[in-house]
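Inside the fold
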Amino acid sequence: MNTAAYIARRLFYGLVLMFFVVVLNFVLIRLAPGDPAEVIAGEMGGITQEMLADIRATYGLDKPIATQLAIYLGQIARGDLGMSFFFDQPVAKLIGTRIGATILLVLAAQLVSILIGVVMGVFAARKPNGVVSALVAVFSTLGYALPVFWTGIMLIIVFASWLPIFPVEGMRSARFEGGSFAYVLDVLHHLVLPAVTLAIIFLAQYARLARASMIEVLGADYIRTARAKGVPERRVVFHHALRNAVLPILTVAGLQFGNLISGALLVETVFNWPGMGTLAFDSILRRDYPTVMGILIIGAAMVVVANILTDLGYRLADPRIRTEGGRR
Amino acid sequence: MSPLLDVRDLRVEFATRHGTVTALDGVSLRLEPGETLGVVGESGCGKSITALAIMGLIPMPPGRIAGGSIRLDGEELIGAPERRLRQLRGRDIGMIFQEPMTSLNPVFRVGDQIAEAILLHQDVSRDEARTRALELLRTVGVPDPGQRIDAYPHELSGGLRQRVMIAIAISCQPRLLIADEPTTALDVTVQAQIFDLIRDIQDRLGVAVILITHDMGAIAEMADRVAVMYAGRVVEEGPADAILDSPAHPYTRGLIGCIPAIDPALAALDRLPPLAEIPGVVPPLHLLGQGCAFADRCIEAVDICRKVAPPLTGRGHAVACHLHAAAAASEES
Ligand SMILES: Nc1ncnc2c1ncn2[C@@H]1O[C@H](COP(=O)(O)OP(=O)(O)O)[C@@H](O)[C@H]1O
Ligand code: SF4
Ligand SMILES: [Mg+2]
């Protein structure tokens, strides 16, 4: 199948998926306890029944859920995420100011976990009974079992309080002065702890996968061929074996994007990272339905796009998929 | 003439679940420059391990070279530094494997895989290496080499992949070419072409060849000498004619002495059938006791066979069998 047709098919499935995301979450959110009208009214001060009814009418909350859903779907189809109950701003604009921070965090965490995971996996594979192998095994259990909140807070205590190397929270220094390069450094400095916190969850998994994949590849016939050519061992490992061993890691990396994005939403609240996660957290507390829905939809869209991009990357990395159809 | 390759008393052990097993038990082989040595024997007899030992590619662990000597042009390879072995591999010794489908790296273009061998051992530019790779593809009979040079392995048939493997193996004009069952995984018609190619290359380059195969027809056509292996030992060794015409060891006779029903597909191609079936199987290495390893399957076995392992005796045509030793002794007296 050619690449364009493939992307079209994946996009179509992505849209179907997002339709279900919208319907399911729309219903779930409205079934959850709490009345947005009361929250909105609370913000305005004294509450009367008329005011509540008024608010419900303004936001369409007085109609049956099915009607509300139909209206919402129609609106989404036109590319309109609606207005925030709380901010009196378009949801799209709210998300727009925060999506960059989330993408930065997700990509940084993905990069860190894959890079370090693969390096650990490769060393573990070279000595399946060595120290690194044991560490990978321990890490795999720990990294997966520890709650993100706990890891994040521990990192803050150690690397922001005891050893004040990194900032405690936020994405940029309060009174920042300097050029754009210094600005980038400032953001990166803030990025380290949240990215590492998020990376730790996935790191161990990549390490374990890389180890298994590498051990298998190192036993392949083509590795023996490389050695029979006189290829130095380092090149055997990092050129001939690694190129093949990363293929399953790419697949898993694509599948992990969903988990990574939901993990990022949690990490953001721990570090007060100004992304979609903190916005989601606040919006849920405020019963700001349109904003919560908008974040869920955009999050799902990010997962769909990330999966397609990973698949394209995989096609580049594995020639067997690029030219389907077998022998010439 | 001094031998190109001189393997003496080679012992290779493997650590397994059943304890240490001896995969090669005193294997000796000699090969003159330009000569072809055929190596035959059932699966698991140690043919590939012998080849890998010469390449210095026994996986260690679980493997271990427990003794013996491998000399290439007089230079001892056992215990030689890895750096030196790496120089020899691919440059002085080329090897072709049994599995063409999996022996090429699936993510690199075949031209690059050939050029890599050239770049490793010769002081040439990338462009020159590519030009050489193109010539090599032509030499090994890959049709349309200008296009195939940029193909990935999965785009080629098994026969073409094996030709690419051969191109890699001869890319630096080695003095020794080891072909470990180069045709076992291929279609019968392709098998003949690959053997023809190896012979053609040998004529052109004057390279010595160790040909491991089950194809007695190929042995008859190509081999100068033949070594018959059984359970990690050479049980008969000598000139190809002598071994094919008058095999002395009961095992060799079992393999080639009786050629019963001729497979019509092979007959049509004017080829001999592969090794004949001998009742029974090669004993697992960890169950080998003292005595002749073939004793349990040998119809001629006598008492001493189960107690004492027969040594390989005789010059020119050597045999490891008590009966043969007795016959030779009575002839001499
Ligand atoms: N990695 C290994 N671990 C344990 N035993 C091995 C290993 N490789 C080979 N052997 C043993 O060495 C023997 C010879 O194998 P091999 O040389 O591959 O046989 P063949 O003659 O079919 O090429 C086999 O019986 C096998 O049990
Ligand atoms: S030594 Fe004995 S058992 Fe072994 S091959 Fe000769 S006759 Fe048979
Ligand atoms: Mg073999």
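Here, residues in each chain are numbered from 1, in the same order as that chain's written sequence. Both sets of labels track the order of writing: A upward for chains, 1 upward for ligands. Restriction of local features to residues with pLDDT of at least 70 applies here, the model being predicted, together with a cutoff of 80 or more for giving and counting side-chain atom pairs; totals for whole chains, interfaces and linings are based on all residues. Each side-chain value is worked out from all heavy atoms of the structure, with water and hydrogens disregarded.

All names here are of chain B. When DSSP locates at least two bridges between a pair of strands, those strands are taken to pair. Helical segments are the DSSP runs of H or I of at least four residues, strand segments are the runs of E of at least two, and each set is numbered from the N terminus. Across the sheet, which stays open at both edges, the 7 strands sit in the order 6-7-8-3-9-10-11 with mixed pairing between neighbours. Looking at strand neighbours, the two that pair on one side only are strand 6 (93-96) and strand 11 (318-319), the edges of this open sheet. Of the strand pairs in this sheet, strand 3 (residues 36-40) and strand 8 (residues 208-212) are connected by 4 bridges, and their pairing is parallel. Bridge pairing in strand 8 places leucine 37 opposite isoleucine 210. Any two residues whose heavy atoms approach within 4.5 Å are treated as being in contact. Each axis is a line fitted through C-alpha atoms, and for a helix only the stretch in contact is used; angles between axes span 0 to 180 degrees, taken between their N-to-C directions. This element, helix 6 (residues 158-169), spans strand 6 and strand 7 (176-180) of the sheet and lies at about 170 degrees to strand 6.

Our next topic: the environment of valine 119 of chain A. All names here are of chain A. Tracing the backbone shows valine 119 in helix 5 (residues 91-126). The buried label applies to any residue whose accessible area, calculated with a 1.4 Å probe on protein chains only, is under 20% of its type's maximum; exposed applies above 50%, and partly exposed to all values in between. Its relative accessible area of 45% is what places valine 119 among the partly exposed residues. Considered as a pair, valine 119 and alanine 210 are 91 residues apart in the sequence and their alpha carbons are 8.2 Å apart.

With that out of the way, let us pick up the site of ligand 2. All names here are of chain B. Near ligand 2 you find 13 residues, and of these Cys292, Cys298, Cys305, Cys321 and His322 are the closest. Among the detected pockets, ligand 2 sits in the largest cavity. The nonpolar class holds Ala, Val, Leu, Ile, Met, Phe, Trp, Tyr, Cys and Pro. Asp, Glu, Lys and Arg form the charged class, and all remaining residues, Gly among them, are polar. Looking at side-chain class alone, the shell around ligand 2 contains 10 nonpolar, 2 polar and 1 charged residues. Residues are labelled near a given molecule or strand when at least one of their non-hydrogen atoms is within 4 Å of it. Lining residues are defined by having an atom within 4 Å of a point belonging to a cavity or pocket. Those points lie on a 1 Å grid over the protein atoms alone, cavities being sets where a 1.4 Å probe fits but cannot get out and pockets being open sets with protein on both sides within 12 Å along at least five of seven lines. Whether a molecule sits in a cavity or pocket is decided by its atoms, more than half of which must lie within 2 Å of the grid points.

Attention now moves to the domain arrangement of chain A. Residues and elements named next belong to chain A. An automatic or database domain assignment supplies the start and end points of every domain. Looking at the assigned domains, one finds that chain A contains domain 1 (3-77) and domain 2 (100-323). The distance between the C-alpha centroids of domain 1 and domain 2 comes to 32 Å. If you look at the interface, domain 1 gives 21 residues, while domain 2 gives 17 residues. Using a 1.4 Å probe, buried area is obtained as the accessible area two parts lose upon being combined, added over both of them. Buried surface at the junction of domain 1 and domain 2, summed over both partners, amounts to about 1800 Å²; 74% is from carbon and sulfur atoms. One speaks of a salt bridge when a side-chain nitrogen belonging to Lys or Arg is within 4 Å of a carboxyl oxygen belonging to Asp or Glu. Along the contact surface separating domain 1 from domain 2 lie 1 salt bridge.

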